[in-house]
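# Structure at a glance
Chain by chain, the residues run as shown.
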Amino acid sequence: MLILKRFIMMAVTIWVIVTVTFVIMHVIPGDPFASDSTNYPPEVLANMRSEYHLDEPLPIQYVDYLRDLCTLDLGPSIEFKSRTVNQLIADGFPASALLGLQALVIAVFFGLLFGIVAALNHNGIVDYIVMGLAIFGISVPSFILAPLLIKYFSVEWKLLPVASWGTWRHSILPSLSLALMPMAIIARFIRSSMLEVLNQNYIKTADAKGIGIVSIIVKHAIRNAIIPVISFLGPLIAALITGTFVIEKIFAIPGLGKYFVDSIFNRDYPVILGTTVFFSVVLIIVLFVADLSYRLIDPRIKLTSKGD
Amino acid sequence: MATLSEERALFRPVPKHSLDNEQIKRPLTKQWKITLTSILKNKLALLGMIILFVIVVMAIIGPHLVPYNYSDQSLTNGNIAPNSQHWFGTDDLGRDMWSRTWYGARISLTIGVFAALIDIFIGLVVGGVSGYMAGRGKIGDRIDNILMRLVEVLYSIPYLLVVILLLVIMKPGLKTIIIALSITGWVSMARIVRGQILQLKEQEYVAAAQKLGTPHYKIILRHLFPNMLGIIIVNLTFTIPNAIFAESFLSFIGLGVQAPIASWGTMCNDALGVILSGQWWRLFFPGFMISLTMFAFNVFGDGLQDALDPHSRD
Amino acid sequence: MSALLEVKDLTVSLKSHCGEVQAVRGVDFVVNEGEVLAIVGESGCGKSVTAQTIMGLLPKKLIKRQSGSIRFQGQELMGLSRSQLRKYKGAQMSMVFQDPMTSLNPTMKIGHQIIEGIVKHQKLSKKVAKQKAIELLHLVGIPHPEERYRQYPHELSGGMRQRVLIAIALSCHPKLIIADEPTTALDVTVQAQILDILKDLKTRLKTSIILITHDLGVVAEIAQRVIVMYAGKVVEKGTVEDILEHPNHPYTKALLSSLPRTDAKEKIRLKPIEGTPPDLYSPPKGCPFAPRCDNAMEICLQGMPKETRLSDSHISHCWLNDERCPSLKERLMLLNAEEGRKQA
């Protein structure tokens, strides 16, 4: 069955990422504890090294690492000595997930809406306005838009809180900043897909039946136009996830992205390693689900067919 | 009332070949000329092209237009708003923003263009080999399969995450950023190239050339390559802004080029802290330049794509 | 037999990126109840645009100008709004399109596509509509209709898809079916089967059919009356005997000698028509066929020929029918003289 084949591909990819991440992290010359060497006596440092398994030969470290991963143990953090990576992830993930989901819903809903309306109004005023906004959306990165939004909506007009997290009000600006670019991309995509579909012969057949125009647009046009957009959802979610890194930093949201960025700054290797693996696994699962739903929705693709 | 002779004149037969009924009204023109005129007609794409040209020119001559260097500090002159002396103002270390912005243009554009070019090169080679080898016996198919599996696995790996990891271990700098960006970015190009080659291979003129005994490299160079040039260039116009975006993104996380070298991304990052205290010019100029460049590339790329692949619009 | 559809002086010009295309220029014809009218002509002559204008399928944005009269059972259709036309589309008149491979929605089950019109026009429940659909599938000769009902278009062959399209066209018992080259995209054997279905419809259900085609063999097989179109105009019309056995217009004659006939009794050399149809962006003011016509005269370039009534049923538009036109012998002499003069 194709699903099984895809599942195995997914597992293999995860393994590759895990290994690649491991190799990259351990290729570093030197010692993550170099900066601490002035603070602690050498015996303590040696202890810490063995605590992190850093004194064992590389292949054994690898096996230990894989073993730990299978039990979902990502190890302790170096920077935050009393916390494990798992705890950090558990702390930060809810905020990031909420932010990401909100942005996703906004991007998909409004992206589809604007794109479809633009296609139906092809070459009209609405089409130009929507396309103009879309070009704006794909040109201005979220991290440039965000400070602008903060400056006006929070500082000057005092409509929304400046930063941090808590109430629904706190999530508006971050979600909007994050959602704009994906929204623009979706809008452009569905617009061109709709335009292509509307030129197809089966739309004429539907029209000739005398059914209402809403039926034609929804059941015949949108149904077909949306299929390529679904195949695009996977990479879109990937972009959304990486987008949370900068947005959380700008808005000081205590999410996983911010912890990740901080750990990079602090060179907290276990955290970097652990969160990278975590993000990658989440992403790959999402891609797998997206691919699956694409195949389920388009009746022309058989689940058991060979190849792509 | 027509007279008899007038009537006879009306009914006089006209020989067929004296009438031209097969005028070819439009002269045949070269492909690239057609493309160029199509782009020129598209005002938006034209605008994009002009903007890019201006940015490149300014990147070269901009810093020379003022007496300040991008790295000269002058702590007493810190944080001055744009005025007649410092057209773009100064940053908190008193460095001239105009000079830094155009210097940053050089850095950002260099990173974007080089990363994109390397990507395209690798993608061409891998995709090209894969596409050409497919169907040429067992060995050919094996090569194609292996390369394609590799591409599939790499495609699923989150691009930016790998880049981040790489930059964490290599010290971030101009060269390392370019390398890190190109390492996984070639994958989409490889797929496109392979698809194109597979399609072109079906064309009869390739089979004809092969039957005539033309050596492989000639087939690739003369027949396959020119037809792919269009797709390659279009891809380039979208890969470069992606790379520029990625670079500014990385700078924001702290993995960009290191001071005193400045790219637009690092300048935006530096400007974050002061946005609330009203020093808008710190973020505005680099931010605007990034957006403008992305806009120009996207719009030009759109126009190029339309020109090369005309769907009838009515 | 009374007239089901009357088209008078239909003129349609469309917008394109090169300007205005005069696709249909003053077309008249009539379709009677229970008869098959064939519209014959080269691609680009305006037959599809005529059909789509009757059905109101042309996108408003595409139409630059539209005038004339289209009367269906006495009711004027030209100028009706979209929602008013909807009562006719699919219910009183329906259309079968040319390419069965792309004319069905790939993401909707066959059965659902058939009952859409039924549910809308006849206000039946889905259950009852399903029954009718299965009967229709049976009518058009599709085996195992209950299974096919649940399938998607890509699971059917071209011939079967065309039958489904016919079933859709039939679903609300229309009085008129317009079939735009229904067999062009199909194999010869399948063609014959589709034609049989159409013939059957005419005899059993008394449905009128406008059959658009460029295949004269099909015309001979199934049509009663024929109109010949060229460059947006009707050049000749009459019964099947009139057109196939006593063609008058030079274009009709040329068409007959250029197309193979399965009912030909002896070997005939096919004679292709030289040249190409005129550019409809700036159509000539005279007879559009003149540049390709062996018998072209000065007057042919100057104005459109008037209508000549050759019999009760047979009408042609050609200057050769004008009483002032010299005889064939005279014309040949004049032509030789003309050529001689040119070479001198």
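Being a predicted model, the structure only gives us computed values, none of them experimental. (Residues numbered from 1 in each chain as written. Chains lettered and ligands numbered in written order. Predicted model: local features only at pLDDT ≥ 70, side-chain atom pairs only at ≥ 80, totals over all residues.)

Let us look at the overall build of chain B. Summing up its helical and strand segments, chain B has 12 helices and zero strands in all. Its helices and strands in sequence order give chain B the pattern α-α-α-α-α-α-α-α-α-α-α-α, from N to C terminus. (Helix = DSSP H or I, 4+ residues; strand = E, 2+ residues; numbered from the N terminus.)

Turning to the pairing of strand 2 (residues 19-32) of chain C, a few remarks are in order. All names here are of chain C. Alignment of strand 1 (residues 3-16) against strand 2, held across 11 bridges, turns out to be antiparallel. Of the residues in strand 2, the one forming a bridge with Glu6 is Val30. Hairpin connection, strand 1 to strand 2: the antiparallel pair is bridged by two residues. (Pairing = 2+ DSSP bridges.)

On the side of chain B, 30 residues touch chain A, which itself brings 33 residues to the contact. Every element with two or more residues in the side of chain A that touches chain B is listed here: helix 1 (2-26), helix 5 (125-139), helix 6 (142-156), helix 10 (233-251), helix 11 (256-266) and helix 12 (269-297) of chain A. The element contributing the most residues to the side of chain A that touches chain B is helix 12 of chain A, with seven residues. Broken down by class, the residue content of the side of chain A that touches chain B amounts to 26 nonpolar, six polar and one charged. (Contact = placed C-beta atoms within 7 Å. Nonpolar A, V, L, I, M, F, W, Y, C, P; charged D, E, K, R; others polar.)

What follows covers unusual backbone geometry. With a phi close to 50°, Ala252(A) is a non-glycine residue in the positive phi region. Structurally, Ala252(A) is set in the loop between helix 10 and helix 11. Unlike most non-glycine residues, His144(C) shows phi in positive territory, near 50°. Here His144(C) shows up in the loop between helix 4 (126-139) and helix 5 (145-149).

Residue and element names in this part refer to chain C. The antiparallel open sheet is built from four strands, whose spatial order is 2-1-4-5. Both outer strands of the open sheet, strand 2 and strand 5 (75-76), are each paired with one neighbouring strand and no more. The pairing of strand 1 with strand 4 (residues 63-72) spans eight bridges and is antiparallel. From the neighbouring strand, Ser13 faces strand 4, where its bridge partner is Arg65.

Residue and element names in this part refer to chain C. Packing of helix 3 (residues 110-122) against helix 6 (residues 158-170) leaves a shortest axis separation of 8 Å and a crossing angle of 25°. Here helix 6 runs roughly parallel to helix 3, going by the angle between their axes. Where helix 3 crosses over helix 6, the handedness of that crossing is right-handed. Only Val164, Ala167 and Ile168 of helix 6 make contact with helix 3, whose side of the interface consists of Ile110, Gln113, Ile114 and Gly117. Taken together, the residues that form the contact of helix 3 with helix 6 break down as five nonpolar, two polar and no charged. (Axes fitted to C-alpha atoms, helices over the stretch in contact; angles between N-to-C directions. Parallel < 35°, antiparallel > 145°, perpendicular 65-115°, else oblique. Left-handed = near helix turned anticlockwise from the far one by under 90°.)

Further remarks concern the sheet that holds strand 6 (residues 93-96) of chain C. Strand pairing within a sheet occurs via backbone hydrogen bonds; the two strands may be parallel or antiparallel. Residue and element names in this part refer to chain C. If you walk across this open sheet you meet the eight strands as 6-7-8-3-9-10-12-11, and the pairing is mixed. Single-partner strands in this sheet number two, and they are strand 6 and strand 11 (307-309). The average undirected angle you get between the axes of adjacent strands in this sheet is 20°. One ladder, built from six bridges, connects strand 9 (residues 225-230) with strand 10 (residues 233-239); its direction is antiparallel.

Let us look at the confidence of the model for chain A. Here chain A averages 81 in pLDDT, and 83% of its residues register 70 or above. Averaged pLDDT values over the elements of chain A bottom out at 66 in helix 2 (residues 42-51) of chain A and peak at 93 in helix 8 (residues 201-208) of chain A. (pLDDT = per-residue confidence, 0-100.)

All right, on to the nonpolar core then. Most often, soluble globular proteins have nonpolar side chains that are buried together. The biggest cluster of nonpolar side chains holds 234 residues, and the ones touching the most others in it are Val163(B) and Ile164(B). Ranked by residue count, the leading element in this core is helix 7 (residues 168-198) of chain A, at 15 residues. Once you skip the residues sitting within four places of it in the chain, Ile164(B) turns out to touch Ile264(A), Ile253(B) and Leu255(B). (Core = buried A, V, L, I, M, F, W, Y, C linked by C-beta atoms within 7 Å. Buried ≥ 20, exposed ≤ 12 C-beta atoms within 10 Å, placed from the backbone.)

For the rest of this paragraph, the subject is the environment of Asp279(C). Locating Asp279(C) in the fold gives a position in the loop between helix 10 (250-258) and helix 11 (298-302). Distance from Asp279(C) to Gly44(C), taken between C-alpha atoms, is 9.7 Å for residues 235 residues apart in sequence.

Moving on, we come to the packing of helix 10 of chain A against helix 12 of chain A. All names here are of chain A. Contact pair helix 10 / helix 12: the axes reach a minimum separation of 8 Å and the direction vectors enclose 155°. Taken as axis vectors, helix 10 and helix 12 run roughly antiparallel relative to one another. Two packed elements cross with a definite hand, and for helix 10 against helix 12 that hand is right-handed. Residue-level inspection shows Leu233, Gly234, Ile237, Ala238 and Ile241 of helix 10 in contact with helix 12, the latter providing Phe279, Leu283, Val286, Leu287, Ala290 and Asp291. For the contact of helix 10 with helix 12, a count of residues per class yields nine nonpolar, one polar and one charged.

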